[in-house]
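For reference, the chains in residue letters:
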Amino acid sequence: MEKIINELIESYGSCGVTAKIDTNLQPNRETVVHIIKLLQKLIFPGFFEQKKLKKEFVRYYVGEILEEIRYNLEKQMKKAFICTDENVCDNEELDKKVSEISDNFFEKLPMLRDYLELDVYAAYAGDPAAYSLDEIIYSYPGLYAIMVARIAHELYLLNVPLVPRIMTEHAHGITGIDIHPGATIGRHFFIDHGTGIVIGETTVIGDHVKIYQGVTLGGLSTSGGQSLKGVRRHPTIEDNVTIYSGASILGGETVIGKGSVIGGNAFIVASVKPNTRVTIKNPELRYQNMDKTVHTEELEQNNAWFYVI
């Protein structure tokens, strides 16, 4: 054990990027997740409580939660600013900065509620398997990922480091939906199923957009690394677009026009005009029976019908 201890301690010096010793405290992931849960209670009051929320206590309830969010959020933001900028220290100026950010963020909460209510309706309208609005709020991973992304996006716009990304990666970890906090998402957004969706930092999504599982809204190439920071590298999806499962839409110059439908597994690296349906030609299917391999054409000639669900 002594040998292992010595080798680990030595590695802390030689691999300093992955060690934080004698440095400022880092944002606490568990606290950031707790902030999300508190915000969820404000956005959907009465849904995530262990006891009944009574009307006469709503003002007290909202005020108490806001105070707890402010305390925790400002503490985590201060840590984030200090650990990402060596020129920032814990002083009155930083206290004033995070307080102003909190004020600006809290002013956005009514707007976030409006947007998320429309997202609930979008899910209900777009999914015949949804039997109630409550079912969507309680259980749909797509709605949870959208909620976290919308919260994180507002902090991202206020130039808060680390905290927005911790938020969206938390949602990514539990839903399988990866939305960068920099992505701009319009009204009435619906993610169906959701697993495997990737939405990049500079993506812009319009209103009334529907996306299915496995969709990537990404960059054409990341070989440029840090030199691409701040460069528009993800697509624009205009209003009333539907993107089916497995589709990849890549590139900062790529625009999917209003009212278009992108079929499953499509690979798109150029703009699509409004009201366009994009599909890929079905690949040839081969069916194996016990005697021989037969082609689709042979099956059709023999009046055989196969349904793929």
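Residues numbered from 1 in each chain as written. Predicted model: local features only at pLDDT ≥ 70, side-chain atom pairs only at ≥ 80, totals over all residues. Heavy atoms only, no water.

> Pulling in residues and values, what's your account of the sheet that holds strand 1 (residues 178-179)?
Paired through backbone hydrogen bonds, the strands of a sheet run either parallel or antiparallel to each other. Taking strand neighbours across the sheet as the criterion, the 5 strands line up as 1-4-7-10-13 in an open arrangement whose pairing is parallel. The open sheet is flanked by strand 1 and strand 13 (267-268), the only strands paired with a single partner. Two elements, strand 10 (residues 248-250) and strand 13, share 2 bridges in a ladder whose sense is parallel. Within the sheet, the bridge partner assigned to Ser248 lies in strand 13 and is Phe267. (Pairing = 2+ DSSP bridges. Helix = DSSP H or I, 4+ residues; strand = E, 2+ residues; numbered from the N terminus.)

> Residue-level account of the packing of helix 2 (residues 29-43) against helix 5 (residues 109-126), with values.
In contact at an axis separation of 10 Å, helix 2 and helix 5 are set at 70 degrees when each is read in the N-to-C sense. Viewed along their axes, helix 2 and helix 5 adopt a mutual orientation that is roughly perpendicular. Contact with helix 2, carried on its side by Leu39, Leu42 and Ile43, involves Leu109, Arg113 and Leu116 of helix 5 and no other residues of that element. Grouping the constituent residues of the contact of helix 2 with helix 5 by class yields 5 nonpolar, no polar and 1 charged. (Axes fitted to C-alpha atoms, helices over the stretch in contact; angles between N-to-C directions. Parallel < 35°, antiparallel > 145°, perpendicular 65-115°, else oblique. Contact = heavy atoms within 4.5 Å. Nonpolar A, V, L, I, M, F, W, Y, C, P; charged D, E, K, R; others polar.)

> Before we move on, can you summarise the layout of surface pockets with the specific residues and values?
Here the second largest pocket defines a volume of roughly 330 Å³. Along the walls of the second largest pocket sit 13 residues, with Glu49, Lys51, Leu53, Tyr61 and Glu64 positioned nearest its centre. For the lining of the second largest pocket, the secondary structure elements donating two or more residues are helix 2 and helix 3 (58-84). The leading source of residues in the lining of the second largest pocket is helix 3, at 5 residues. A breakdown of the residues in the lining of the second largest pocket according to their chemical character gives 6 nonpolar, no polar and 7 charged. (1 Å grid on protein atoms, 1.4 Å probe; cavity = no way out; pocket = protein on both sides within 12 Å on 5 of 7 lines; lining within 4 Å. Points joined across faces, edges and corners; volume = space filled by probe spheres on them.)

Without other data, these values stay purely geometric and don't point to any function.
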